[in-house]
Amino acid sequence: MGLSHIILYAIVPIIVVMLAGFLSGKKGIFDGNDSKKFNKVVLDYALPAALFVSIAQASREMLYKDLKLTIVSTIVIMGCFMSVYFIYKYCFKKNTGADAAVSALISGSPTIGFLGFAVLEPIFGTTPTVALVVAIVGIVVNAIGIPVGLSLLNADLAKRDPSRKRKSALGPVIHALCQPVAWAPIVAVIWVLVGIPWPQWASPSFDLIAKANASMAVFSAGITLSSIKIVINWQAILGSILKLVVMPAATLIVGMLCAMDPLNLKMLVVANALPPAFSGIIIADEYDTYVATGTSSLTLSVILFMGFCPLWIWITDICIRMFY
């Protein structure tokens, strides 16, 4: 598949739809509150439906084959997540532990829920394998990364403000697993492992809402970008480098060392090269912590991703031809 196809069918549509959302936000047609409502539709309905029906149509053999995908995803994402946390906590004197935790939630996680299908399907096709990559990365980000980040965030806030009630470490974990975007793919995996055949007549009922996932997520991202003030500084630039360069590079190296399936490796590299997780910005805004720099890093990464996406596909293709 040529780079021109990737740019025209995966990158350009994202730019067009995101620009439409951005302009609608600037004109006052929609605002930040509307964006949050759109995000809720994506995360609670459209994305869970897309993940469930896609995975339910897979086979046991496919799940067993993708075991390496799960292991590599967890190692790389959480390794990068904690690396971002320690870098921002100890290399920038003005940063608090809470700032570092938000940085990890943003620059240490890909926005797989919002852009996963929008980017991967035009490049690799609408297949159960694409859905498994999105689901596995999504589970790592939502069921492991977010609870860890919230635990670190709350621990630092409680340490600096003794009057603040310290929340249970299990609270964020339970909350994350209760979200449809986390339990829907888990239920689908159990469905496949049990061996229950998926009735094809049921797919259209899921597909109708699932098809709104990518377009609504990208449009909402445009609205979000229109409602924030962008301030580029060294921390924002570093966050973009860690997300767009370090994470996909680590994915490629670890995946090759584990002899991953070439197609799975390629999809995982692209998935981990996605811009920072929008959920990190939502958490930053909720806790009023590290909002300006985190948002600036997200914005810069979204813009740079348009160039880094085809670049990482090209680099991965070269490595696969050389070493496989």
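Please refer to the structure placed before this passage.
Before going into details, it helps to say that this report is about the structure given with it. (Residues numbered from 1 in each chain as written. Predicted model: local features only at pLDDT ≥ 70, side-chain atom pairs only at ≥ 80, totals over all residues. Heavy atoms only, no water.)

### Notes on empty space enclosed by the protein
We apply this condition: Computed over the protein atoms alone on a 1 Å grid, cavities are sets of points where a 1.4 Å probe fits but cannot get out and pockets are open sets with protein on both sides within 12 Å along at least five of seven lines; a residue lines them when it has an atom within 4 Å of a point. Grid points are joined across faces, edges and corners, and a volume is the space filled by probe spheres set on the points. Counting from the N terminus, the helices are DSSP H or I runs at least four residues long and the strands are E runs at least two residues long. Classes in brief: Ala, Val, Leu, Ile, Met, Phe, Trp, Tyr, Cys and Pro nonpolar; Asp, Glu, Lys and Arg charged; the others, Gly included, polar.
Tallied over the entire structure, the rule returns two cavities of 30 Å³ or more. Of the voids in this model, the largest cavity is the one considered here, and its volume is about 40 Å³. As for the largest cavity, its lining consists of Tyr88, Ser103, Ile106, Ser107, Gln235, Ala236, Tyr290, Thr293, Gly294 and Ser297. Those elements that provide at least two residues to the lining of the largest cavity are α5 (97-107), α12 (234-257) and α15 (291-323). Considering only enclosed or pocket space, the second largest cavity measures out at about 30 Å³ in volume. Forming the walls of the second largest cavity are Leu47, Leu51, Ile112, Gly113, Val134, Ala135, Gly138, Ile139, Asn142 and Val181. Secondary structure elements with two or more residues in the lining of the second largest cavity: α2 (32-56), α6 (112-124) and α7 (128-160). Classifying every residue of the lining of the second largest cavity by side-chain character gives seven nonpolar, three polar and no charged.

### Topic: the side chain of serine 296
In plain terms, the rule: We call two residues contacting when some pair of their heavy atoms lies within 4.5 Å.
Mapped onto the secondary structure, serine 296 falls in helix α15. Apart from residues no more than four positions distant in its own chain, serine 296 is found in contact with Lys229, Ile230, Val231, Ile232 and Ala236.

### Here we look at helix α4 (residues 67-90)
Here is the rule we go by: Take the number of residues in a helix, subtract one, and multiply by 1.5 Å to get its expected span. A simple rule labels every residue: compare its accessible area, found with a 1.4 Å probe on the protein chains alone, to the largest value its type can have, and call it buried under 20%, exposed over 50%, or partly exposed in between.
With 24 residues, α4 should reach 34 Å at 1.5 Å per residue; the first-to-last C-alpha distance of 35 Å fits that figure. Every buried residue of α4 is accounted for by Leu69, Val72, Ser73, Val76, Ile77, Met78, Cys80, Phe81, Val84, Tyr85 and Tyr88. The inward-facing, buried residues of α4 contact α5, α7, α12 and α13 (262-272).

### A word on the environment of glycine 195
Its location among the elements puts glycine 195 in the loop between α9 (180-194) and α10 (203-210). Distance in space between the C-alpha atoms of glycine 195 and proline 110 is 31 Å, their sequence separation being 85 residues.

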